[in-house]
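# Analysis of the macromolecular model
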Amino acid sequence: MSLDSPVSRRLLSDEVFHRLRDSIVRGELAPGEKVKDGELAERLGLSRTPVREALARLADIGLVEAKPGVYTRITTLNRRDVEKTLAVLRSLDQLAVETAVPVMTEQDLQQMREANRDFERAVAANDTDAALAADDRFHAVPIAAADNPVLSRIVEQLHPQIHRILYRKFSTLLGGRNTIEHHGRLVDVCAGGDARAAAELSGQHWSELGGHINRLFDTNQFTEAGPA
C-alpha cells in the first residue's frame with residue numbers, strides 16, 4: 001500500500017485503544033482517575049472520534065467506566081471484580097493447557113523454555129515491562145496450540161485487568177523464584193504429555209496468584225476509590 005494512502009479510521013482507533021490500554025496497565029492513567037475525550041485527544045494530537053471509540057472499547061473490557069453526563073473514569077481496582085476475573089482466567093488457562101498438551105511440539109516447548117529464560121533475566125534486572133512480556137509469551141504458547149479463537153479472544157480481553165495489578169506489585173506477585181520454578185515444572189509436565197496434570201498445575205499457579213492479590217487487598221495496598 002502506498003505511503004500516500006490514508007490510514008483507516010479503524011487502524012487509528014486500534015492505535016489509540018492500545019496506547020490508552022497500556023497507559024492504564026502501567027498506571028499512567030490511575031484507577032478512579034476521570035478522563036475526558038477532548039483532553040486525551042489533545043494529548044494524542046488527534047480528533048475526538050478515535051478517542052471516543054477507544055474509550056468505548058476499553059469500557060467493553062472493563063478498564064473504563066462511564067456515567068453519561070457525569071464522568072468517564074478509569075475503573076477502580078475492586079477485590080470482587082479481580083476475584084471474578086481471576087476465576088475465569090484460571091479456568092480458561094486450564095482449558096488451554098489441557099487442550100494443547102496432546103498436540104504441543106518440541107518447538108512449542110522450546111518457546112516456553114526461552115520465554116522463561118527471558119522472564120528470569122527480566123526479574124534479575126527488575127525490568128517489569130520485560131518480565132510481563134516474557135510471562136505473556138510463555139502462557140501464549142499453550143493458548144496458541146489449543147487453537148481456540150474464542151478462548152484466545154476472551155483471554156486477550158481479560159489479561160489487561162490483571163496486568164495492571166501485576167505491574168503495580170510485580171516484585172510481590174511474580175518477582176520471586178517461585179514463578180520461574182513453576183514455569184519450569186509446567187514445561188516438564190507438558191513435555192511428559194500428562195494434560196490433566198499440566199492443567200492442574202496451571203490452576204494451582206492462578207490460585208496462588210489470587211491468594212497473593214487478596215493479601216495485598218487485605219493490607220490496603222490497592223486504592224479502591226468509590227464513584228465521585
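Residues numbered from 1 in each chain as written. Predicted model: local features only at pLDDT ≥ 70, side-chain atom pairs only at ≥ 80, totals over all residues. Heavy atoms only, no water.

Here the focus is the overall build of the chain. Helix and strand counts for the chain stand at ten helices and two strands. Counted from the first residue to the last, the chain has its helices and strands arranged as α-α-α-β-β-α-α-α-α-α-α-α. At 19 Å, the chain has a C-alpha radius of gyration in line with the 17 Å of a compact globule built from 228 residues. Across its three principal axes, the chain shows a C-alpha extent of roughly 55 × 55 × 35 Å. Looking at the chain as a whole, 42% of its 228 residues qualify as buried. Pairs at least 24 residues apart make up 75% of the contacts formed inside the chain by residues separated by at least 6 positions. Only carbon and sulfur atoms are counted for the fraction: they give 48% of the accessible area of the chain, which is about 12,100 Å². (Helix = DSSP H or I, 4+ residues; strand = E, 2+ residues; numbered from the N terminus. Rg over C-alpha atoms; globule rule 2.2 N^0.38 Å. Buried < 20%, exposed > 50% of the residue type's maximum accessible area, 1.4 Å probe, protein only. Contact = heavy atoms within 4.5 Å. Areas by Shrake-Rupley, 256 points an atom, 1.4 Å probe, with all protein chains shown as cover.)

How two aromatic rings sit relative to each other is set out by the distance from centre to centre and by the angle between their planes. Summed over the entire model, instances satisfying the criterion amount to one aromatic pair. On the numbers, 6.3 Å between centres and 70 degrees between planes, the contact of F119 with F170 is edge-to-face. Here F119 is found in helix 5 (residues 106-124), whereas its partner F170 is found in helix 8 (residues 170-173), with 51 residues between them in sequence. Summarising the burial analysis for this pair, F119 and F170 share the class buried. Of note, R57 hangs over the ring of F17, and the distance from its end group to the ring centre comes to 4.2 Å. (Phe/Tyr/Trp six-rings, centres within 6.5 Å; stacked < 30°, edge-to-face > 60°. Lys NZ or Arg CZ within 6 Å of the ring centre and 35° of its normal.)

This part takes up the domain arrangement of the chain. Assigned domains of the chain: these are domain 1 (10-74) and domain 2 (79-219). Computed over C-alpha atoms only, the centres of domain 1 and domain 2 are separated by 27 Å. Interface of domain 1 and domain 2: buried area, both sides summed, is about 810 Å²; carbon and sulfur atoms make up 64% of it. Put simply, domain 1 and domain 2 have zero salt bridges between them. (Domains from an automatic or database assignment. Buried area = accessible area lost by both parts, 1.4 Å probe. Salt bridge = Lys/Arg side-chain N within 4 Å of Asp/Glu carboxyl O.)

Here we come to the pairing of strand 2 (residues 71-74). For strand 1 (residues 64-67) and strand 2, the ladder comprises four bridges, and the chain directions are antiparallel. Its bridge partner lying in strand 2, K67 is registered against Y71. Connecting strand 1 to the antiparallel partner strand 2 that follows it, the hairpin turn spans three residues, and G69 within it adopts a positive phi of roughly 80 degrees. (Pairing = 2+ DSSP bridges.)

Moving on, we get to the environment of L151. Along the polypeptide, L151 turns up in helix 7 (residues 149-168). Classification of L151 as buried rests on a relative accessible area of 4%. On a C-alpha basis, the gap between L151 and T128 in space is 26 Å, while along the polypeptide they are 23 residues apart. With residues up to four places along the chain from it excluded, the contact list for L151 reads L92, L95, A96 and I143.

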